[in-house]
Amino acid sequence: MTPARLALALLVREPGLAAGLEDWDYLAASPVPGARLLAQVIETLRASPHLTTAGLLERWRDSDEGRFLLKLAQWQPPDAEDAPPARMLSDALTRLRHLHDEQRASELLEKASAADLSAAEKEELKRLLSARHGVGP
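Everything numeric here is computed off the predicted structure, so don't read it as measured data.

S.K.: Honestly, the pattern of salt bridges in this entry has me stumped. Any pointers?
M.R.: Close approach of charged atoms allows side chains with opposite charge to pair. For the structure shown, the criterion picks out 9 salt bridges. Between D23 and R97 there is a salt bridge, and its shortest N-O distance comes to 3.6 Å. Taken together, the residues span a long stretch of sequence, with D23 in the loop between α1 (3-13) and α2 (35-47) and R97 in helix α5 (residues 85-113) at a distance of 74 residues. Among the ionic pairs, R61 bridges to E58, the shortest N-O distance being 2.8 Å. Through salt bridges with shared partners, a single ionic network connects D23, R97 and D101.

S.K.: Could you clarify how one ought to interpret the environment of K122 in this entry?
M.R.: Within the secondary structure, K122 sits in helix α6 (residues 119-132). The class for K122 is exposed, based on a relative accessible area of 51%. Taking the C-alpha atoms as reference points, K122 and A4, 118 residues apart in sequence, are found 28 Å from one another.

S.K.: Teacher, can you tell me more about the side chain of S63 here?
M.R.: Secondary-structure assignment places S63 in the loop between α3 (53-59) and α4 (64-73). Among the polar contacts listed, one links the side chain of S63 to the backbone oxygen of W60, at a separation of 2.6 Å. There is a polar contact of 2.9 Å between the side chain of S63 and the backbone nitrogen of G66.

Calculation notes
- Residues numbered from 1 in each chain as written.
- Predicted model: local features only at pLDDT ≥ 70, side-chain atom pairs only at ≥ 80, totals over all residues.
- Heavy atoms only, no water.
- Salt bridge = Lys/Arg side-chain N within 4 Å of Asp/Glu carboxyl O.
- Helix = DSSP H or I, 4+ residues; strand = E, 2+ residues; numbered from the N terminus.
- Buried < 20%, exposed > 50% of the residue type's maximum accessible area, 1.4 Å probe, protein only.
- Polar contact = N/O pair within 3.5 Å; in protein donor to acceptor, adjacent residues only side chain to side chain.

Encoded structure:
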C-alpha cells in the first residue's frame, strides 16, 4: 500500500487523527498520486472535526473519490500492537513529504539546467538539496 493510500485509509477509519496533523499543506500541490485527495480529506476533517467515517464518505458520495474512499474504509489495517494508527499516519506523511521533496528537487534541477530559476526557486532548491544530503535547514 502506498503512503497516500495508507494515510487516507487511516483517516477514513479514524477521522479524529486529522486533528493532530501538522505540515501537510505541501500535499495540495504534490505530484505524488493520491496526495491531493489526502490534502482535501485532511482539510475537510480539520474544518469539521466532528465528522465520522460515514459523514466523511457522504461528502464524496457519487464520485470516483468517494468510491475509492469507501474501498479504503473497508481495508483492515495492521494490528495496532505493531504500530498505533497515529504512528502509521505520521510515518506515511513523512514518506510522502520525502517523495514530494525529491520530486520537487528533480523539477527544479531540470529547470536549473535551462538557467530558468527565480531567486525563490534557487533558495528552495538549496534547501531541498541540503535536506537530501542531511545538512541542516
